[in-house]
Amino acid sequence: LAGVASRAESPLIRELAERCRPPEGVAEEILAAIDESAPLHVRDGGVIRAGYSSELDTLRDVAHGGREWIARIESEERERTGIKSLKVGYNSVFGYYIEVSKANTALVPDHYIRKQTTTNAERYITPELKEHEATVLGAQERAVALEQELFAQVRGAVAARAQELLGVARAVAELDALASLAETAHANRWVCPEVDDSDEILVQAGRHPVVEKSLGMGAFVPNDVKVDTRDDCLLIITGPNMAGKSTYLRQTALIVLLAQAGSFVPADRAKIGVVDRIFTRIGARDELASARSTFMVEMTETANILNNATSRSLVLLDEIGRGTSTYDGLSIAWAVAEFLAKARIKTLFATHYHHLNQLASQLPGVRNYRVAVREEADRIIWLHRIMPGGTDRSYGIQVARLAGLPEEVVARAQEVLRDLEEDESGAGILPRRAPAPAQVRQLTLFEAAPSPVVEKLKKMDISTMTPVEALTALWQLQKEAEKE
Ligand SMILES: Nc1ncnc2c1ncn2[C@@H]1O[C@H](COP(=O)(O)OP(=O)(O)OP(=O)(O)O)[C@@H](O)[C@H]1O
Ligand SMILES: [Mg+2]
């Protein structure tokens, strides 16, 4: 890794390459001492590699030789006693034993000491067996103890170099992060931003990296951004639901953040004047557990922004004022926007209150943008393109219909909206027209008072009428029906 990194053009990466060189001897020591297939616990043995310590190797030979010795004893005793089925076994209660099946116990020599009877066999020990057992088990125990000691030594030697090793780990982590950014930039056509001390953020064809990924290549509509502390200070962004207002705000924040972190950015070109902080007020969420309602959270966050943002900051406000009544919300949004524009704080302000568009003609530095949609008969097509200019509609009802609100509710909402829009005085927010009584059509079908026209129609005797008489009567009825 250090070798590859040291050939890089970037001085930063070359410096990291220097820092990722591992401290001399540590890796060699580990490789020499530790077995590749070491078990999880040192107490299981087999952690230290063969050939590392001659003392350990000798102990292991003895312990291992023990098993060969058992095989030898087994065959010797079989020969001596003539018992073919004689076996040497081991258990944790009395160690090594000789097992002889019940049928052969008569052949057992005198010096065998009987220790245990099982269903089919007798188990014995001999002094020779016990003597050897002590050597073998002792060797095994000593080997494990020695392994633990050697392991502690290796561990101590490595720990003594911990500072150097952590330094290497940090450098590798930094290289890893940079490599990931580079790979992402390369794979997604990101560009190197110009980062300077100006008051300006300029993005050409910026994209939201995550939304772009989820939509698939080519489906995301790129958008420009121009915001500074002069003529383009507060951008009011209106547009229907689902148009891409929030996406636009977030992509701008991400591009600035990435640029300032030293990354390439998802855009065709970007010039970023360094900001001191990015403030956001996005999304509505409750914090019921901490006893703060949606609106309270929203206002606390907004207060924090207004109290702390400087003309070096970037502020993103997504639909503030939404959590309260329309007039309260609009008034707060208006005052907040005014405050930010006057303080010359770079702000992107997404809102459904198109009344805020009037600010542009009242205050310098305020610009209106809208997210374009195309209307086709009753539907709207989202273009996701940010254009200069304000909006006078929100299309919320169309979006509600698309979401599957019952047609009855949608129609009524349209009616209420018309009333509200006609009510220019703004005297009341309640719809003037009373709601239509529920299920009106069904009721008239069954309970409507009989109409005189219908009564006359019923009494007519068509069989005695000439065609002309019938036509005249029909015409009469029609005239009467029109009057009704
Ligand atoms: N530039 C874009 N290109 C393509 N698709 C986009 C773009 N911007 C947004 N979208 C799509 O539209 C969806 C809605 O976007 P977004 O949430 O930003 O809308 P919004 O205007 O904030 O809506 P609301 O007013 O309901 O909050 C996104 O999830 C994304 O799928
Ligand atoms: Mg939104």
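Residues numbered from 1 in each chain as written. Chains lettered and ligands numbered in written order. Predicted model: local features only at pLDDT ≥ 70, side-chain atom pairs only at ≥ 80, totals over all residues. Heavy atoms only, no water.

Participant: An account of the overall build of the chain is needed here, citing residue identities and associated values.
Facilitator: Scanning the chain from N- to C-terminus turns up 16 helices and 14 strands. With respect to the principal axes defined by its C-alpha atoms, the chain has extents near 140 × 80 × 45 Å. Counting every position in the chain, which comprises 484 residues, the buried fraction comes to 34%. Total accessible area computed for the chain in this model is approximately 28,800 Å², and 57% of it derives from carbon and sulfur atoms. Mean positive and mean negative side-chain charge positions of the chain (57 and 69 charges, respectively) differ by 2 Å. (Helix = DSSP H or I, 4+ residues; strand = E, 2+ residues; numbered from the N terminus. Buried < 20%, exposed > 50% of the residue type's maximum accessible area, 1.4 Å probe, protein only. Areas by Shrake-Rupley, 256 points an atom, 1.4 Å probe, with all protein chains shown as cover. Lys, Arg positive; Asp, Glu negative; His and termini not counted. Charge placed at Lys NZ, Arg CZ, Asp CG, Glu CD.)

Participant: Give me the sheet that holds strand β6 (residues 201-206): which residues, what numbers.
Facilitator: Across the sheet, which stays open at both edges, the four strands sit in the order β5-β9-β6-β7 with mixed pairing between neighbours. Sheet topology places β5 (194-196) and β7 (223-227) at the edges, where each strand pairs with a single neighbour. The mean inter-strand angle of the sheet, taken between neighbouring strand axes irrespective of direction, is 15 degrees. As paired elements, β6 and strand β9 (residues 269-273) share four bridges and run antiparallel to each other. In the strand pairing of β9, L202 is matched with K271. (Pairing = 2+ DSSP bridges. Axes fitted to C-alpha atoms, helices over the stretch in contact; angles between N-to-C directions.)

Participant: Could you give me a rundown of the pairing of strand β10 (residues 278-281), with the residues and numbers involved?
Facilitator: Of the two faces of β10, the one holding F279 and R281 is buried and the one holding I278 and T280 is not buried anywhere. In the sheet, β10 pairs with strand β11 (residues 314-318) via four bridges, with the strands oriented parallel. Paired with R281 across the bridge in β11 is L317.

Participant: Lay out unusual backbone geometry in plain terms, naming residues and giving numbers.
Facilitator: Negative phi is the rule for most residues except glycine; trans is the rule for most peptide bonds. Even without glycine at this site, R189 takes up a positive phi of about 60 degrees. You can see R189 is positioned in the loop between α6 (162-187) and β5.

Participant: Could you give an account of the nonpolar core, with specific residues and numbers?
Facilitator: By size, the foremost hydrophobic cluster in this structure holds 28 residues, and its most contacted members are I201, V203, I237, I272 and L348. Counting only elements with at least two residues in this core, the list comes to β6, β7, β8 (234-238), α8 (245-260), β9, β11, β12 (346-350) and β13 (366-376). Among the elements that line this core, the one with the most residues is α8, at seven residues. With sequence-adjacent residues up to four places away left out, V203 is seen in contact with N223, D224, V225, I255, A267, R269, A270 and I272. (Core = buried A, V, L, I, M, F, W, Y, C linked by side-chain atoms within 4.5 Å. Contact = heavy atoms within 4.5 Å.)

Participant: Describe the site of ligand 1, listing the residues and the values that go with them.
Facilitator: What surrounds ligand 1 is a group of 17 residues, the closest being V221, M242, K245, S246 and T247. The backbone of A243 places a nitrogen or oxygen atom 3.2 Å from an oxygen atom of ligand 1. E319 places a polar side-chain atom, nitrogen or oxygen, 3.2 Å from an oxygen atom of ligand 1. In isolation ligand 1 has 640 Å² of accessible area, and contact with the protein removes 78% of it. (Near = heavy atom within 4 Å. Polar contact = N/O pair within 3.5 Å; in protein donor to acceptor, adjacent residues only side chain to side chain.)

Participant: Hey, could you go over the sheet that holds strand β3 (residues 113-117) for me, with residue numbers and the actual values?
Facilitator: Strand order in the open sheet formed by four strands is β1-β2-β4-β3, with antiparallel pairing between adjacent strands. Across the chains shown, the open sheet's two edge strands, defined by having one partner strand only, are β1 (87-91) and β3. Strand after strand, the sheet turns through a mean of 40 degrees between neighbouring axes, direction not considered. Together, β1, β2 (95-101) and β4 (121-125) form the strand contacts of helix α5 (residues 127-159), whose direction differs from that of β2 by roughly 140 degrees.

Participant: So what's going on with α6? Residues and values would help.
Facilitator: Given a rise of 1.5 Å per residue, 26 residues ought to cover 38 Å, and the 37 Å separating the end C-alpha atoms of α6 matches this to within 8%. Considered for burial, the residues of α6 that qualify are V168, A171, L175 and A185. Buried-residue contacts for α6 involve α1 (2-6) and α2 (11-19). (Expected span 1.5 Å × (residues − 1).)

Participant: With reference to specific residues and values, describe the pattern of salt bridges.
Facilitator: Two side chains carrying opposite charge are able to pair once their charged atoms lie near each other. Applying the stated criterion across every chain, the model contains 30 salt bridges. R21 is the partner of E18 in a salt bridge, and the nearest nitrogen-oxygen pair spans 3.5 Å. The salt bridge involving R80 is made with E77; its shortest N-O contact spans 3.2 Å. You can see R80 and its partner E77 sitting in helix α4 (residues 54-81), three residues apart, about one turn around the helix. A relative accessible area of 53% places R80 in the exposed class. Under the relative-accessibility criterion, E77 is labelled buried at 3%. Among the ionic contacts, a cluster of salt bridges with common partners joins D196, D199, E200, K226, D228, R230, D232, K271 and R367. (Salt bridge = Lys/Arg side-chain N within 4 Å of Asp/Glu carboxyl O.)

Participant: How would you summarise the domain arrangement of the chain if you had to cite specific residues and measurements?
Facilitator: As far as domains go, the chain holds domain 1 (2-23 + 161-183), domain 2 (31-159), domain 3 (191-405) and domain 4 (449-483). When each unit is reduced to the centre of its C-alpha atoms, the spacing between domain 1 and domain 4 is 99 Å. (Domains from an automatic or database assignment.)

Participant: Give me the packing of aromatic side chains: which residues, what numbers.
Facilitator: Going through the model one piece at a time under the given rule, you end up with three aromatic pairs. Aromatic side chains Y112 and Y124 sit 5.7 Å apart centroid to centroid with 55 degrees between the ring planes, which places their arrangement in the tilted category. Of this pair, Y112 sits in the loop between β2 and β3 while Y124 sits in strand β4, and the two are 12 residues apart along the sequence. Judged on exposure class, the residue Y112 and its partner Y124 are both buried. (Phe/Tyr/Trp six-rings, centres within 6.5 Å; stacked < 30°, edge-to-face > 60°.)

Participant: Tell me about the pairing of β1, residues and numbers included.
Facilitator: Bridge count for β1 against β2 is five bridges, and the pairing is antiparallel. Its bridge partner being in β2, G89 is matched across the sheet by Y97. The turn linking β1 back onto β2 is made up of three residues.

Participant: How would you sum up the side chain of T126? Please name residues and give values.
Facilitator: The topology assignment puts T126 in the loop between β4 and α5. Judged by its relative accessible area of 5%, T126 is buried. In this structure, T126 is in contact with I98, H111 and Y112, ignoring residues within four places of it in sequence.

Participant: Just give me the short version of the environment of I48, but keep the residues and values in it.
Facilitator: Of note, I48 is situated in the loop between α3 (26-33) and α4. According to the relative accessible area criterion, I48 is buried, its value standing at 1%. Taking the C-alpha atoms as reference points, I48 and D35, separated by 13 residues in sequence, lie 5.3 Å from one another. Here I48 is in contact with A33, I34, D35, L56, R60, E147, L150 and F151, once residues within four sequence places are set aside.

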